[in-house]
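Chain by chain, the residues run as shown.
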Amino acid sequence: NTQWKLFVNIVKYAAIALILVASTVWATFRLVDNSASTMNTLFVPAGQRAQITLQDGTNVWLNAQSTLTYPSHFSKKNREVKITGEAFFKVAKDKKKPFIVSTQNIHIKVLGTQFNVYSYPGTGYIQTDLVEGSVKVYQMDNKNSSIVLKPNEQVVIRGTSMTVSNIVNPEHLLWKNGIYSFDNERLIDIITKLELYYDITIKVRDPEIFNVRYTGKFRQRDSIDEILRILQKIQSFNIEKERESNIITLTK
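Explain the overall build of the chain to me, please; I cannot follow it from the model alone.
For the chain, the count of helices and strands is three helices and 18 strands. Within the span of the chain, comprising 252 residues, buried residues form 40% of the whole. Looking at the chain alone, contacts between residues at least 24 apart form 47% of all its contacts between residues at least 6 apart. Working note: accessible area of the chain is about 14,400 Å², and carbon and sulfur atoms make up 52% of it.

Below, the structure written as structure tokens:
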């Protein structure tokens, strides 16, 4: 009869739904189990930036020529990632699992906070700027020489030396919004960053040009040619570009 058919259909659809739920749960657990040992790498090319949300809800912004290595699923003890280049972290709070950033020979340990890490190999220094919360910075081979930063503080590490000071130009963190900001910086320091950001070599034939200081902002999408032309209006110099070798030479 009609009632019996209705009952059979209900049982049939319920069984199908149960199978689907069971399959979904099994697939989910299998995915988590496999991802626990999987490491991922995100590289950002020159002239670009990227943003990624990690498995725990932590947001990471990567600057040009930067690499982030992270697990698909964090372990039960901690949340550890590695960075080469520059990155801004907005860490999801989890008191039971500290978040650890490794870069070169430095560890940065936090629970929930916002901070920036500048660590391009070859620059001779590593810099961490704290925006919110608290971070503990220490060298891997000397955990006793650790420094705990407060908001609006930065630490610059050169070799074994660690120097703490207040953040002078907080707007330099605008890079995560696509803006490069320089505040009374020497051209030699600006050139070093531009070479990293745009993967180009800039040579200066006249050393006195190096010491000219600049204040200004540039959009990341601006070409290196456009940025140099703007700087050229402040302090006159000639620009020669070898397109095949990707080398720019500045002369008076």
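Quick question: what am I supposed to make of the layout of surface pockets here?
In this structure, the largest pocket spans a volume of roughly 680 Å³. As for the largest pocket, its lining consists of 26 residues, and the residues nearest its centre are Tyr 125, Gln 127, Gln 154, Glu 185 and Lys 193. Elements with a contribution of two residues or more to the lining of the largest pocket: β8 (114-119), β9 (126-132), β12 (153-158), β13 (161-166), β14 (179-186) and α2 (187-198). Of the residues contributing to the lining of the largest pocket, the split by class is nine nonpolar, 10 polar and seven charged.

Is there a simple way to explain the packing of aromatic side chains in this structure?
The geometry of an aromatic ring pair is captured by two quantities: the separation of the ring centres and the angle between the planes. Per the stated rule, a full pass over the model turns up 10 aromatic pairs. When the ring of Phe 89 is compared with that of Phe 115, the centres are 5.2 Å apart and the planes differ by 15°; the resulting orientation is stacked. Taken as a pair, Phe 89 in strand β5 (residues 79-90) and Phe 115 in strand β8 lie far apart in primary sequence, 26 residues in all. Pair check on accessibility: Phe 89 and Phe 115 agree, each one buried. With 6.4 Å between their ring centres and 80° between their planes, Tyr 180 and Tyr 198 make a pair best called edge-to-face. Linking Tyr 180 in strand β14 with Tyr 198 in helix α2, this pair joins segments that are 18 residues apart in sequence. Since its relative accessible area comes to 14%, Tyr 198 is described here as buried. The ring of Trp 61 is capped by Lys 176, whose NZ or CZ atom sits 4.7 Å from the centre of that ring. Just above the ring of Phe 88 sits the side chain of Lys 176; from NZ or CZ to the centre is 4.9 Å.

Help me understand the packing of α2 against helix α3 (residues 224-234) in this model?
Describing two packed helices takes the angle between their axes plus the distance from one axis to the other. Running from N to C, α2 and α3 cross one another at 170°; their axes reach a closest spacing of 12 Å. As summarised for this structure, α2 and α3 are arranged roughly antiparallel, according to the angle between their axes. Across the interface between the two elements, Leu 187, Leu 194 and Tyr 198 from α2 touch Ile 224, Ile 227 and Leu 231 from α3. Looking at the contact of α2 with α3 residue by residue, the class counts come to six nonpolar, no polar and no charged.

Explanation requested: the sheet that holds strand β15 (residues 201-204) in the structure shown.
Two strands in a sheet stick together by hydrogen bonds in their backbones, pointing the same way (parallel) or opposite ways (antiparallel). Taking strand neighbours across the sheet as the criterion, the three strands line up as β15-β18-β17 in an open arrangement whose pairing is mixed. With one partner strand each, in any of the chains shown, β15 and β17 (238-242) form the two edges of the open sheet. Neighbour to neighbour, the strand axes of the sheet diverge by 20° on average, direction disregarded. Bridging between β15 and strand β18 (residues 247-251) involves four bridges; their strand directions are parallel. Opposite Thr 201, over in β18, you have Ile 247 as the bridge partner. Lying on the sheet, α3 is in contact with β15, β17 and β18; it crosses β17 at an angle near 165°.

In this structure, what is going on with the pairing of β8? I would like to understand it.
On a regular strand, each side chain points to the face opposite its neighbour's, so the side chains alternate between the two faces of the sheet. Counting buried positions along β8 gives six out of six residues, so the element sits mostly inside the fold. Residues Gln 114, Asn 116 and Tyr 118 line one face of β8 and the alternating positions Phe 115, Val 117 and Ser 119 line the opposite face, and both faces are buried. Note that β5 and β8 share six bridges and pair antiparallel. Within β8, the position partnered with Ala 87 by the bridge is Val 117. Here five bridges tie β8 to β9, and the two strands are oriented antiparallel to one another. Counterpart to Phe 115 in the pairing with β9 is Leu 130. The hairpin formed by β8 and β9 contains six residues between the paired strands, and Gly 122 there has a positive phi angle of roughly 95°.

Rules used throughout
Residues numbered from 1 in each chain as written. Predicted model: local features only at pLDDT ≥ 70, side-chain atom pairs only at ≥ 80, totals over all residues. Heavy atoms only, no water. Helix = DSSP H or I, 4+ residues; strand = E, 2+ residues; numbered from the N terminus. Buried < 20%, exposed > 50% of the residue type's maximum accessible area, 1.4 Å probe, protein only. Contact = heavy atoms within 4.5 Å. Areas by Shrake-Rupley, 256 points an atom, 1.4 Å probe, with all protein chains shown as cover. 1 Å grid on protein atoms, 1.4 Å probe; cavity = no way out; pocket = protein on both sides within 12 Å on 5 of 7 lines; lining within 4 Å. Points joined across faces, edges and corners; volume = space filled by probe spheres on them. Nonpolar A, V, L, I, M, F, W, Y, C, P; charged D, E, K, R; others polar. Phe/Tyr/Trp six-rings, centres within 6.5 Å; stacked < 30°, edge-to-face > 60°. Lys NZ or Arg CZ within 6 Å of the ring centre and 35° of its normal. Axes fitted to C-alpha atoms, helices over the stretch in contact; angles between N-to-C directions. Parallel < 35°, antiparallel > 145°, perpendicular 65-115°, else oblique. Pairing = 2+ DSSP bridges.

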